[in-house]
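Examination of the molecular architecture
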Amino acid sequence: MLRNTLLWASTNPLLAEKLPRYRFVKKATKRFMPGEELGDALVEAGALGQLGIATTTTLLGENLRSLDEADGVVSHYRGALKEIEARGLDTEISVKPTQLGLDFGLEEARSRLTQLASSTSTLVWVDMEGSGYVDRTLDLFRGVKRDHPNVGLCLQSYLFRTADDLESLLPLDPAIRLVKGAYNESEGVAFPKKADVDRNFVKLTQTLLRARLNGGEGRPVLGTHDPKVIGETNRIAYELGLAKDRYEFAMLFGIQRAEQERLARTGHTVRVLVSYGAAWFPWYMRRLAERPANLWFVAKQLVG
Ligand SMILES: Cc1cc2nc3c(=O)[nH]c(=O)nc-3n(C[C@H](O)[C@H](O)[C@H](O)COP(=O)(O)OP(=O)(O)OC[C@H]3O[C@@H](n4cnc5c(N)ncnc54)[C@H](O)[C@@H]3O)c2cc1C
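All values reported here derive from a predicted model rather than from experimental measurement. (Residues numbered from 1 in each chain as written. Predicted model: local features only at pLDDT ≥ 70, side-chain atom pairs only at ≥ 80, totals over all residues.)

What about the overall build of the protein?
Filter applied, for reference: Only DSSP runs of H or I covering at least 4 residues are called helices, and only runs of E covering at least 2 are called strands; the numbering of each starts at the N terminus. Atoms counted for the radius of gyration: C-alpha only. Globule rule: 2.2 Å times the number of residues to the power 0.38. The burial label depends on the number of other C-beta atoms within 10 Å of a residue's C-beta. Counts of 20 or more mean buried, 12 or fewer mean exposed, and intermediate counts mean partly exposed, with C-beta atoms placed from the backbone. Residue pairs qualify as contacts under a 7 Å threshold applied to their C-beta atoms, which are placed from the backbone.
Helix and strand counts for the protein stand at 13 helices and eight strands. Whereas a compact globule of 304 residues would reach a radius of gyration of roughly 19 Å, the protein reaches 18 Å, a difference of no more than 12%. Overall size of the protein, expressed as C-alpha extent along the three principal axes, is 50 × 45 × 40 Å. Counting the 304 residues in the protein, one finds 39% classified as buried. Sequence-distant contacts in the protein: of pairs separated by 6 or more residues, those separated by 24 or more amount to 75%.

Here's the deal with helix α7 (residues 134–145)
Note the cut-off: Each helix should span, by expectation, one fewer than its residue count multiplied by 1.5 Å. It is the directions from the helix axis to the C-beta atoms whose arc is reported.
Its 12 residues place the ends of α7 16 Å apart at the C-alpha level, agreeing with the 16 Å of an ideal helix rising 1.5 Å per residue. Among the residues making up α7, those that are buried are T137, L140, F141, V144 and K145. Down the axis of α7, the smallest arc covering the buried residues is 115°, so these residues share one side. Buried positions along α7 lie against α6 (106–118), β3 (124–126) and β4 (151–156).

Focus on the packing of helix α5 (residues 67–86) against α6
Inclusion rule: Inter-axis angles, ranging from 0 to 180 degrees, are taken between N-to-C directions of lines fitted to C-alpha atoms, where helices are fitted over the stretch in contact. What sets the label is the angle itself: under 35 degrees gives roughly parallel, over 145 gives roughly antiparallel, 65 to 115 gives roughly perpendicular, and the rest give oblique. Note: crossing handedness is left-handed where the near helix turns anticlockwise from the far helix by less than a right angle, and right-handed where it turns clockwise. In this classification, Asp, Glu, Lys and Arg are treated as charged, Ala, Val, Leu, Ile, Met, Phe, Trp, Tyr, Cys and Pro as nonpolar, and every other residue, Gly included, as polar.
At their nearest, the axes of α5 and α6 sit 10 Å apart, and the two run at 15° to each other. Between α5 and α6, the angle falls in the class roughly parallel. Between α5 and α6 lies a crossing of right-handed hand. Contact with α5, carried on its side by L67, A70, V74, Y77 and R78, involves E108, R112, Q115 and L116 of α6 and no other residues of that element. A breakdown of the residues in the contact of α5 with α6 according to their chemical character gives five nonpolar, one polar and three charged.

A closer look at the pairing of strand β6 (residues 220–223)
Keep this limit in mind: Pairing between strands requires that DSSP locate at least two bridges from one strand to the other. By the criterion used throughout, a crossover qualifies as right-handed when its path from the first strand across the helix to the second strand runs clockwise, the strands pointing away from the viewer.
Residues P220 and L222 of β6 are buried on one face, and the alternating residues V221 and G223, pointing to the opposite face, are buried as well. As judged from the three bridges shared by strand β5 (residues 175–179) and β6, these two strands associate in the parallel manner. Among the inter-strand pairings, R177 is bridged to a residue of β6, identified as V221. Between the parallel elements β5 and β6, the chain passes through helix α9 (residues 194–213) in a crossover that is right-handed. Summarising the sheet, β6 and strand β7 (residues 248–252) pair through three bridges and their orientation is parallel. Bridge assignment links G223 to a residue of β7, and that residue is A250. The parallel pair β6 and β7 is bridged by helix α10 (residues 227–240), and the resulting crossover is right-handed.

Focus: the site of the ligand
Stated formally: In this analysis a residue is considered near a molecule or strand if the C-beta atom, reconstructed from its backbone, is found within 6 Å of that molecule or strand.
As a structural note, the neighbourhood of the ligand is formed by 24 residues, with D127, V179, T224, H225 and A250 the closest of them. Those elements giving two or more residues to the shell around the ligand turn out to be β4, β5, β7 and α12 (281–290). Broken down by element, the residue count for the shell around the ligand peaks at three residues, all from β7.

Overview of the sheet that holds strand β8 (residues 269–276)
Spatially, β1-β2-β3-β4-β5-β6-β7-β8 is the arrangement adopted by the eight strands of the closed barrel, whose pairing is parallel. In this sheet, adjacent strand axes meet at a mean angle of 30° when their direction is disregarded. In the sheet, strand β1 (residues 54–59) pairs with strand β2 (residues 91–95) via three bridges, with the strands oriented parallel. When the bridges of β2 are listed, T57 appears paired with I93. Along the sheet, α5 makes contact with β1 and β2, crossing β2 at roughly 170°.

Focus on the nonpolar core
Let me state the cut-off plainly: Put simply, a nonpolar core is a cluster of buried Ala, Val, Leu, Ile, Met, Phe, Trp, Tyr and Cys residues tied together by C-beta atoms within 7 Å.
In this structure, Y77, V95, L113, V126, I176, L178 and V272 are the most contacted members of the largest nonpolar core, which totals 67 residues. Among the elements that line this core, the one with the most residues is α5, at seven residues. Residues contacting V126, with those up to four places away along its chain left out, are V95, P97, T137, L140, F141, V151, G152, L153 and C154.

Looking at the environment of T233
Within the secondary structure, T233 sits in helix α10. Take T233: there are 24 C-beta atoms within 10 Å of it, and that puts it in the buried class. Residues T233 and Y247 lie 14 residues apart in sequence; the distance between their C-alpha atoms is 9.4 Å. Those residues in contact with T233, other than ones at most four positions away along the chain, are T205 and L222.

Some points on unusual backbone geometry
At D173, a residue that is not glycine, the phi angle is positive and equals roughly 55°. Tracing the sequence through the fold places D173 in the loop between α8 (162–169) and β5. For D173, a count of 16 C-beta atoms within 10 Å puts it in the partly exposed group. Look at Q256: it is not a glycine, yet its phi comes out positive at around 55°. Counting through the fold element by element, Q256 comes out in the loop between β7 and α11 (257–265).

Here's what the structure looks like:
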């Protein structure tokens, strides 16, 4: 119930406009993002790098009002990629298809993703948004991947369709970041029970790691903080005889930091997604929905 309310709030434009003006709400974002500026994210990327943890950065924002805004996103990321290179960071970028103009047409998003991918050798990740975007996001990814191997795609284990989508993508030898999924989806398209989402995550992980074993260059990235799923992933890899450096874990800034450091110390590749930007409200609501206990953190800012 609380989860659904928070996910509803994440899509409400009025709340997105009003709530971030309150200082205690803004202060509470510190739990999940080091700051609103690219520089804040890159300073954190440098600090994580010192601990042997790689990073991905993402400029928060989703559905845009005009294609000029999408052009702004592309030029922002091109500048960010130059800055990342200048600072010598092991930092990739992750972009939402709607930030590239997907609501205005597939071709609009494809040309902008192509501009980004062709401007760098760094991997450009494509986020997965709500289920209504999956077909177009797969088309976008396939279209650009053909000529630009440095694009990767996020898939969500809560969707019934993902097993088939993954099978259809494997011949492309893709970099896939598997996550459970963060949007409010109906029982018609997504597993309603968390246990089924978790089980499907492990099943899809098995498929990804097997594909890696069979010689592919594509990167399997398991985007989860779930200790059980992390343990299962390591067990599957061990049973397959897949070395630790042939798959990766990805987590969000501010969540399970001790586990991030433990994995890195024990020879695993860990990549932390560090978000920044002023348009953080919907994204922040989704983080609260994942763990409503986080609301205590927000409440503490009211009195602290
Ligand atoms: C690198 C990365 C990229 C992502 N990209 C996308 C994307 O493109 N599209 C998309 O739909 N989703 C994306 N997500 C979000 C993802 O779908 C999940 O909502 C999120 O990762 C929580 O799921 P979990 O696997 O950690 O497991 P859960 O079962 O939700 O959580 C397991 C444990 O992790 C901890 N935890 C998890 N979330 C939180 C939180 N918010 N606050 C505090 N503790 C928490 C808790 O200890 C919890 O018990 C991404 C996640 C990561 C890590």
